[in-house]
Amino acid sequence: MNFLSRAVRTTSAAFRIKACTPVRYYASEAPASSSDRLRLSFALPHQTIYANTEVQQVNIASTAGDMGILANHVPSIEQLKPGIVEILENPTITKRYFASGGFAIINPNSSLDINAIEAFPLEDFSLEAIRTNLAEAQRIASTASTEEEKAEARIEVEVYEALQSALSK
């Protein structure tokens, strides 16, 4: 610990960065000329769902809590937890996807990049199949012989519970 504190004191000047552009903080006002639309890029490893598409709002389930993201949102990086990614394209069109995890990067230029491991339209799921798979994952979690099997089963249980909750709403 003492080594680290000495290293921090001696190198802290090397890491000072001067601001070249205006920085927006939580209480600062968005520029007046900003668009009221959010540009969304939503990608999976094998597919791009939205590519720099203008939308009205995106709601995500992050580890910090559920968030609604509009244009001019404060920049942030959020880890997605298993849950719904809801995209309000306009007042009449809303699309809902279930994402098993990933990251959402809210940029200062009113753009949002979502990189998910897996995501499927919510209507593609069967509540009966999820209940069956959840029961099986819970059985495996309680009877698994190795810690690795238990951890995998607990992850499955978490995802199936989130999916069941999303479909029950």
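Residues numbered from 1 in each chain as written. Predicted model: local features only at pLDDT ≥ 70, side-chain atom pairs only at ≥ 80, totals over all residues. Heavy atoms only, no water.

The chain has the name ATP synthase subunit delta, mitochondrial in an unreviewed UniProt entry, where Rhizophagus clarus is given as its organism. Per UniProt, the chain carries the Subcellular location (unreviewed entry) text "Mitochondrion inner membrane". (UniProt positions renumbered as here; feature names shortened; annotations may be inferred.)

Before going further, it helps to spend a moment on unusual backbone geometry. Peptide bonds are trans in most cases, and residues, glycine excluded, mostly fall at negative phi. Even without being glycine, Asn72 reaches a positive phi, approximately 65 degrees. Assignment of secondary structure puts Asn72 in the loop between strand E4 (65-69) and strand E5 (76-80). For Asn72, a relative accessible area of 18% puts it in the buried group. Notably, Ser110 is not glycine yet its phi reads approximately 60 degrees, a positive angle. For Ser110, the position within the fold is in the loop between strand E8 (102-107) and strand E9 (111-116). (Helix = DSSP H or I, 4+ residues; strand = E, 2+ residues; numbered from the N terminus. Buried < 20%, exposed > 50% of the residue type's maximum accessible area, 1.4 Å probe, protein only.)

Attention shifts here to the packing of aromatic side chains. The geometry of an aromatic ring pair is captured by the separation of the ring centres together with the interplanar angle, meaning the angle of the planes. Scanning all chains against the criterion turns up three aromatic pairs. Between the aromatic rings of Phe98 and Phe125, the centroid separation amounts to 6.1 Å while the plane-to-plane angle is 75 degrees, which identifies the pairing as edge-to-face. Taken together, the residues Phe98 in strand E7 (residues 93-99) and Phe125 in the loop between strand E10 (119-121) and helix H2 (127-143) connect sequence positions 27 residues apart. The class for Phe98 is buried, based on a relative accessible area of 3%. In this structure Phe125 comes out as partly exposed when scored by relative accessible area, which is 25%. Ring centres 6.1 Å apart and planes at 90 degrees place the aromatic pair Phe120 and Phe125 in the edge-to-face group. Pairwise contacts between aromatic rings join Phe98, Phe120 and Phe125 into one cluster. (Phe/Tyr/Trp six-rings, centres within 6.5 Å; stacked < 30°, edge-to-face > 60°.)

This part covers the confidence of the model for the chain. Summing up the model confidence of the chain, the mean pLDDT is 83 and the portion of residues at 70 or higher is 79%. Here residues 1-17 scores under 50 on pLDDT; set against residues more than four positions off or in separate chains, the count is zero contacts. (pLDDT = per-residue confidence, 0-100. Contact = heavy atoms within 4.5 Å.)

Two elements in contact, H2 and helix H3 (residues 147-168), have axes separated by 8 Å at closest approach and are oriented at 155 degrees. With respect to H3, the axis of H2 lies roughly antiparallel. In the packing of H2 onto H3, the handedness of the crossing is left-handed. Contacts between H2 and H3 involve Leu127, Ile130, Arg131, Asn133, Leu134, Ala137, Gln138, Ile140 and Ala141 on the former and, on the latter, Lys150, Ala153, Arg154, Glu156, Val157, Tyr160, Glu161, Leu163, Gln164 and Leu167. Within the contact of H2 with H3, the residues separate by chemical class into 11 nonpolar, three polar and five charged. (Axes fitted to C-alpha atoms, helices over the stretch in contact; angles between N-to-C directions. Parallel < 35°, antiparallel > 145°, perpendicular 65-115°, else oblique. Left-handed = near helix turned anticlockwise from the far one by under 90°. Nonpolar A, V, L, I, M, F, W, Y, C, P; charged D, E, K, R; others polar.)

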